[in-house]
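# Coordinate analysis (summary)
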Amino acid sequence: MSFDQLHRYLFNQAHVRGELVRLESSYQSILDSYAYPPVIQQLLGELMAATSMLTATLKFEGDIALQLQSDGPVNYAVVNGTHHQQLRGVARWDESLAELPSDFSQLFQKGVLVITITPTDGERYQGMVALDKPTLAECIESYFQQSEQLATKVILRTQQTANNAKACGMFLQILPTSSQATDTADTGFEHLASLTDTIKNEELFNLPAEDILYRLYHQEEIEVYAPADVIFKCTCSRERSANALAAVEKSELLDIVATEGAIKMNCQYCHTEYRFDEIDVHSIHAGTFAMDTSQNQ
Ligand SMILES: [Zn+2]
């Protein structure tokens with residue numbers, strides 16, 4: 001059975017779409033990138049599963065970022081996903097605390113969930129909802145209810161054992177094209193949502209996807225699409241960092257090289273460090289840096 005896959009399906013008669021995602025090695029990769037405490041590991045797993053499922057709702061090429069911000073113990077957590085199902089993420093919290101609260105709502109104060117959709121071609125769109133529900137899943141449901149008036153069901157679960165970590169999610173949403181979008185009773189949405197709610201952790205974490213869909217929806221007419229692989233991959237590169245430096249005054253960059261020996265840029269997601277010396281600064285500002293592949297990482 002292969003984890004790290006996203007399954008999309010459609011309830012033909014109900015105008016409702018569904019998704020099931022299970023992450024294992026992609027989730028483990030994010031956990032390996034930094035020493036996160038268990039409660040942050042769980043949060044990142046839920047964010048990864050949610051981001052993967054939301055990315056799959058895009059009708060165009062681009063990416064989605066799910067970002068949590070607050071004044072509480074967790075200042076910032078973000079997972080970014082592309083239409084190719086490449087995920088990356090990072091979280092920052094108050095590391096001076098001996099112990100973090102285990103309750104979702106206590107991790108945040110004045111918390112907000114910001115969802116940013118960035119099409120490859122086109123305008124960036126940003127929406128926001130308060131983190132005022134007991135779980136991240138319910139906050140995402142509330143986001144769709146408020147911003148798009150679309151009835152949405154979200155399930156997010158993670159599991160950490162001595163051997164591995166798994167993050168799973170399920171997503172149901174009334175199709176935006178449905179003329180009955182606001183009337184959940186007529187579309188059968190509530191019925192499908194309550195069926196979905198019966199999923200048990202042991203099923204979600206262990207059964208093949210086909211078995212899960214059969215157990216939940218064998219009395220429904222369902223069309224299942226080919227699954228998509230989900231991977232952990234950072235989109236940072238030495239070249240992208242150089243492009244960012246091209247926007248900074250050359251004299252300013254040379255000053256940094258003179259005082260600190262090199263310009264060091266750290267990727268906030270994967271913690272890779274990119275270093276640029278005086279020769280690099282000259283080639284960046286001469287516009288010839290992109291051709292210099294000798295130092296690419
Ligand atoms: Zn990176």
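Because the structure is predicted, anything quoted here is derived from the model rather than measured. (Residues numbered from 1 in each chain as written. Predicted model: local features only at pLDDT ≥ 70, side-chain atom pairs only at ≥ 80, totals over all residues.)

## Considering the domain arrangement of the chain
Interfaces are often described in size by the accessible area the parts lose on coming together. Inclusion rule: Domain ranges listed in this record stem from an automatic or a database domain assignment. By definition, residues are in contact whenever their C-beta atoms, placed on the basis of the backbone, come within 7 Å of each other. Amino acids outside the nonpolar list (Ala, Val, Leu, Ile, Met, Phe, Trp, Tyr, Cys, Pro) and the charged list (Asp, Glu, Lys, Arg) are all regarded as polar, and Gly is one of them.
Looking at the assigned domains, one finds that the chain contains domain 1 (5-232) and domain 2 (238-291). Each side of the interface is counted separately: domain 1 has 5 residues, and domain 2 has 4 residues. Class assignment of the residues belonging to the side of domain 1 that touches domain 2 gives a composition of 2 nonpolar, 2 polar and 1 charged.

## Observations regarding the sheet that holds strand β5 (residues 86-93)
Inclusion rule: Strand pairing requires that DSSP identify at least two bridges connecting the strands. Counting from the N terminus, the helices are the DSSP runs of H or I reaching at least four residues and the strands are the DSSP runs of E reaching at least two. Here an angle of 0 to 180 degrees is reported between the N-to-C directions of two axes, which are lines fitted to C-alpha atoms, with helices fitted over the stretch in contact.
Sheet architecture is open: 6 strands sit in the order β7-β6-β3-β4-β5-β12, paired in mixed fashion. If you trace the sheet from one side to the other, it starts and ends with β7 (125-130) and β12 (231-232), each paired once. Relative to β5, strand β4 (residues 74-82) is paired through 7 bridges, and the arrangement is antiparallel. Paired with Tyr76 across the strands is Arg92, a residue of β5. Packing against the sheet, helix α2 (residues 38-55) makes contact with β3 (62-69), β4 and β5, and its axis sits at approximately 35 degrees to β4.

## With respect to unusual backbone geometry
Note the following rule: Any residue with 12 or fewer other C-beta atoms within 10 Å of its own C-beta is exposed, any with 20 or more is buried, and the rest are partly exposed; the C-beta atoms used are placed from the backbone.
With phi around 55 degrees, Asp4 is a residue other than glycine that occupies positive phi space. Note that Asp4 resides in the segment before β1 (5-11). For Asp4, a count of 23 C-beta atoms within 10 Å puts it in the buried group. In this structure, His271 is a non-glycine residue whose phi angle is positive, near 65 degrees. If you trace the backbone, His271 turns up in the loop between β13 (263-266) and β14 (273-276).

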